[in-house]
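Close look at the chain arrangement
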Amino acid sequence: MITQAPRGVQDWFGEAMHKRRIVEETARSLANAYHMQEIITPMFEHTVLFQRGVGETTDVVQKEMYTFTDKGNRSITLKPEGTAGTIRAYLEHNMYAEPAPKKLFYVTQAFRYEKPQSGRLRQHHQFGVEIVGSESPLVEAELMSFITELLKRLGLKGAKLHINSIGCAACRKQYNEALLAFLNDKKDSLCPLCRERMLKNPLRVLDCKNPECREIVKASPRTVDYLDEACRNHFESLQKILTSLGIAYEVDTDIVRGLDYYTRTVFEFVNQDGFALCGGGRYDNLVKEIDEKQDIPAAGFGMGIERILSFMEAEQIAFPPEDPVALYVGVLGEDAIATAYGIVRRLRAKGIVCETDYMGRSVKAQMKYANKIGAKKTVIIGSEELEKNEAVLKDMESGESIRVRLDEIENAIGGAGNV
Ligand code: HAM
């Protein structure tokens, strides 16, 4: 038991870690071009931040948070998502005093006590972006443009952009009335949690995972039919920008998102089976919800790194290989250890991947090891080599060898195979 991790989490190492690093580095490098700055917020926050930010009636807060009381008797929660903490940090560090918009991105772990089924982990990783300070639909278009380019760089083709608008607080009031009228006579077939949600926050009934509730809400009124003029204009402008940028999208009135902070635009990139690769939207009231003195619009998205990797696997996308070991420096005899290790150290300082012997293996066993780790070239340093300041550099693929001076090995690495 002690050698087994808890359910719903995974270890990262070897090939999976290599692939994850490529995804993260690709995203980081693109974020740099979009002039977004990286932020790392703590793994845990005061529970109330998520209760207020994400919303009391959401599945995340009601069922999925890892909450505990710390030794100082404070209620603490491991972050279930990245937005609330980022906005808390934005406010705590007065980032609103800097020129707007503030464009932040993060790579974070997130914890949700979900049923560990395919694609749902209890600890997952997200790459996320939050753009704070602008009301313009260009912000949502920028987020979508960023994701489109990222998916292209990763070689992913199957994810489609679905967008919707859920309006602002004023539209929501009208919509909630219509939704309540629709749900009222179906109340008895809803799950107990949804019956409670009807009273507190009817929109949340729409993203209940219970199959009976899902069936009922299929015919429910749509938020887009209750938008006021400003929200309708915003949604239309966004669509115009997307069209002019050549970003393909589909209006999908089923999307409402499972977190409370969204206003106006919501969106997801989904595969053929409707599985979300990433999700996000505008959240103009969250800043005010966390600090009532501030009223600042914002929008963002979160993308599951495990989801990206599994989508990439499904599309059979090849990853560039890890840097190979350019040189294995073998050792023959105690006297050669310091010189051999000196060569390894010098080459590593130049960024050349090299390895040596730490196990006291025989020369034959060292060559076998060098072969196993895929070393491109090898040299053996023994007393003769020390004396002559020269060694034999062997190309492991072609078997060809050349003599090189010990202080010139790095220059010869590129060419030994051709001699
Ligand atoms: P979310 O839709 O809850 O949104 O999560 C974003 C993405 O994280 C999902 O689309 C999915 O790829 C991944 N994800 C979520 N839960 C899990 C899980 N249990 N296992 C594996 N992957 C998962 C948010 O979290 C918002 N904070 C996004 C956002 C940022 N909205 C505005 N700004």
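None of these values were measured; they are calculated from a predicted model.

Here we look at the site of the ligand
- In the vicinity of the ligand lie 26 residues, with Glu 81, Glu 114, Glu 130, Arg 257 and Tyr 262 positioned nearest.
- The separation between a nitrogen atom of the ligand and a polar side-chain atom of Glu 81 is 2.7 Å.
- When isolated, the ligand has an accessible area of 660 Å², and the protein chains bury 96% of it.
- For the shell around the ligand, the secondary structure elements donating two or more residues are strand S6 (123-132), strand S10 (276-282) and strand S11 (298-304).
- Looking at the shell around the ligand, the element that brings in the most residues is S10, giving 5 residues.
- Across the shell around the ligand, the residue classes tally to 10 nonpolar, 9 polar and 7 charged.

Comments concerning helix H6 (residues 169-184)
- Helix length check: H6, at 16 residues, gives a terminal C-alpha distance of 22 Å against a target of 22 Å (1.5 Å per residue), a fit within 8%.
- Buried within H6 we find Cys 171, Arg 172, Tyr 175, Asn 176, Ala 178, Leu 179, Phe 182 and Leu 183.
- Of the surrounding secondary structure, the elements contacted by the buried residues of H6 are helix H7 (192-200), helix H8 (211-217) and helix H9 (229-245).

Quick notes on the pairing of strand S14 (residues 377-381)
- For S14, the buried fraction is high: 4 of the 5 residues fall into the buried class.
- Pairing analysis gives 5 bridges linking strand S12 (residues 327-331) to S14, with the strands arranged parallel. Across the sheet, residue Gly 330 finds its bridge partner in S14, namely Ile 380.
- Sheet analysis places S14 next to strand S15 (residues 390-395), joined by 2 bridges and oriented antiparallel. Note that in S15 the partner of Thr 378 across the bridge is Lys 394.

With respect to helix H11 (residues 305-314)
- Counting buried positions over the 10 residues of H11 gives 7, a clear majority of the element.
- Listed in full, the buried residues belonging to H11 are Ile 305, Glu 306, Arg 307, Ile 308, Leu 309, Phe 311 and Met 312.
- Looking at the buried positions of H11, the neighbouring elements they touch are helix H1 (14-33), strand S5 (102-111), S6, helix H5 (137-154), S10 and S11.

A closer look at the packing of H1 against H5
- Between H1 and H5, whose axes approach to 10 Å, the crossing angle comes to 135 degrees. By the angle between their directions, the pair H1 and H5 is classed as oblique. Two packed elements cross with a definite hand, and for H1 against H5 that hand is right-handed. Residues Val 23, Thr 26, Ala 27, Ser 29, Leu 30 and Ala 31 of H1 pack against Phe 146, Glu 149, Leu 150, Arg 153 and Leu 154 of H5.
- For the contact of H1 with H5, the per-class residue count stands at 7 nonpolar, 2 polar and 2 charged.

Examining the pairing of S6
- Among the 10 residues of S6, 10 are classified as buried, and the element is accordingly described as predominantly covered.
- Alternating positions in S6 separate into two faces, Gln 123, His 125, Phe 127, Val 129 and Ile 131 on one and His 124, Gln 126, Gly 128, Glu 130 and Val 132 on the other, with burial throughout.
- Pairing between S5 and S6: 10 bridges, direction antiparallel. Note on S6: the bridge partner recorded for Thr 108 is Gln 126.
- As defined by bridge partners, S6 adjoins S11 across 7 bridges and the pair is classed as antiparallel. Bridge assignment links Val 129 to a residue of S11, and that residue is Phe 301.

Focus: a positive patch on the surface
- Taken together, the side chains of Arg 361, Lys 364, Lys 368 and Lys 372 make up a positively charged region of the molecular surface.
- Assignment of secondary structure puts Lys 372 in helix H13 (residues 363-372).
- A relative accessible area of 73% means that Lys 372 is categorised as exposed.

Quick word on the sheet that holds strand S7 (residues 160-165)
- Within the open sheet, the 8 strands sit side by side as S1-S5-S6-S11-S10-S9-S7-S8. Their pairing is mixed. Taken across any chain shown, the strands that pair with only one partner, and hence form the sheet edges, are strand S1 (37-38) and strand S8 (250-251).
- Of the strand pairs in this sheet, S7 and S8 are connected by 2 bridges, and their pairing is parallel. What sits directly across from Ile 163, in S8, is Val 251.
- The sheet contacts of H5 involve S5, S6, S7, strand S9 (265-270), S10 and S11, and relative to S11 the element is tilted by about 20 degrees.

Describing the domain arrangement of the protein chain
- Taken as a whole, the protein chain is organised into domain 1 (14-168 + 228-314) and domain 2 (327-412).
- Each of domain 1 and domain 2 was reduced to a C-alpha centroid, and the two centroids are 49 Å apart.

A closer look at the pattern of salt bridges
- Throughout the structure, instances matching the rule amount to 34 salt bridges.
- Close ionic contact of Lys 63 with Asp 59 constitutes a salt bridge, the shortest N to O distance being 3.5 Å. Taken together, the positions of Lys 63 and Asp 59, both in helix H3 (residues 59-64) and 4 residues apart, correspond to about one turn of that helix.
- Here Glu 196 and Lys 200 are joined by a salt bridge, their closest N and O atoms 3.4 Å apart. One end of the pair, Glu 196, and the other, Lys 200, are both in helix H7, 4 residues apart, so they sit about a helical turn from each other.
- For Glu 196, a relative accessible area of 35% puts it in the partly exposed group.
- Note on Lys 200: relative accessible area 58%, which makes it exposed.
- A single salt-bridge network, built from bridges that share partners, covers Asp 59, Lys 63, Glu 64, Glu 114, Arg 120, Arg 197 and Lys 209.

Describing the packing of H1 against H11
- Put simply, H1 and H11 touch, their axes get as near as 10 Å, and they point 110 degrees apart. Looking at the two axes, H1 sits roughly perpendicular to H11. For the pair H1 and H11, the contacting residues are Lys 19, Arg 20, Val 23 and Glu 24 in the first and Ile 305, Ile 308, Leu 309 and Met 312 in the second.
- A per-class count over the contact of H1 with H11 returns 5 nonpolar, no polar and 3 charged.

Cut-off values and rules
- Counting restarts for each chain, with residues numbered from 1 along the sequence as it is written.
- Under the rules for a predicted model, residues below a pLDDT of 70 receive no local features and side-chain atom pairs below 80 are neither given nor counted, while totals for whole chains, interfaces and linings still include all residues.
- With hydrogens and water excluded, all non-hydrogen atoms of the structure serve as input to the side-chain values.
- One heavy atom within 4 Å of a molecule or strand is enough for the residue carrying it to be called near that molecule or strand.
- Any pair of N or O atoms that falls within 3.5 Å is considered a polar contact. Within protein, one atom must be able to donate a hydrogen and the other to accept it, and sequence-neighbouring residues count only if both atoms are side-chain atoms.
- Working definition of accessibility: Shrake-Rupley area with a 1.4 Å probe, residue cover restricted to the visible protein chains.
- Put simply, DSSP H or I for four residues or longer makes a helix, DSSP E for two residues or longer makes a strand, and each gets a number counted from the N terminus.
- Note on residue categories: nonpolar means Ala, Val, Leu, Ile, Met, Phe, Trp, Tyr, Cys or Pro, charged means Asp, Glu, Lys or Arg, and polar means any other residue, Gly included.
- Between the first and last residue of a helix there are one fewer steps than residues, each counted as 1.5 Å, and that sum is the expected span.
- Burial classes: relative accessible area under 20% of the type maximum marks a residue as buried, over 50% as exposed, and values in between as partly exposed (1.4 Å probe, protein chains only).
- Here, two residues are considered to be in contact whenever any of their heavy atoms come within 4.5 Å of each other.
- The pairing criterion for strands is at least two bridges between them, as found by DSSP.
- Orientation is described by lines fitted to C-alpha atoms, with helices fitted over the stretch in contact, and by angles between N-to-C directions that extend from 0 to 180 degrees.
- These descriptions rest on fixed angle ranges, namely under 35 degrees for roughly parallel, over 145 for roughly antiparallel, 65 to 115 for roughly perpendicular, and the rest for oblique.
- By convention the crossing between two helices is left-handed if the near helix lies anticlockwise of the far one by an angle smaller than a right angle, and right-handed if it lies clockwise.
- Each patch is built from residues lacking any salt bridge and having more than 30% relative accessible area; the joining distance is 9 Å for like charges and 5 Å for nonpolar side chains (Val, Leu, Ile, Met, Phe, Trp, Tyr).
- The rule for a salt bridge is simple: a side-chain nitrogen of Lys or Arg has to be within 4 Å of a carboxyl oxygen of Asp or Glu.
- Residues scored as charged are limited to Lys and Arg (positive) and Asp and Glu (negative), so that His and the chain ends carry no count.
- To locate a charge, the coordinates of NZ of Lys, CZ of Arg, CG of Asp or CD of Glu are taken.
- Note that the domain bounds were set by an automatic or database domain assignment.

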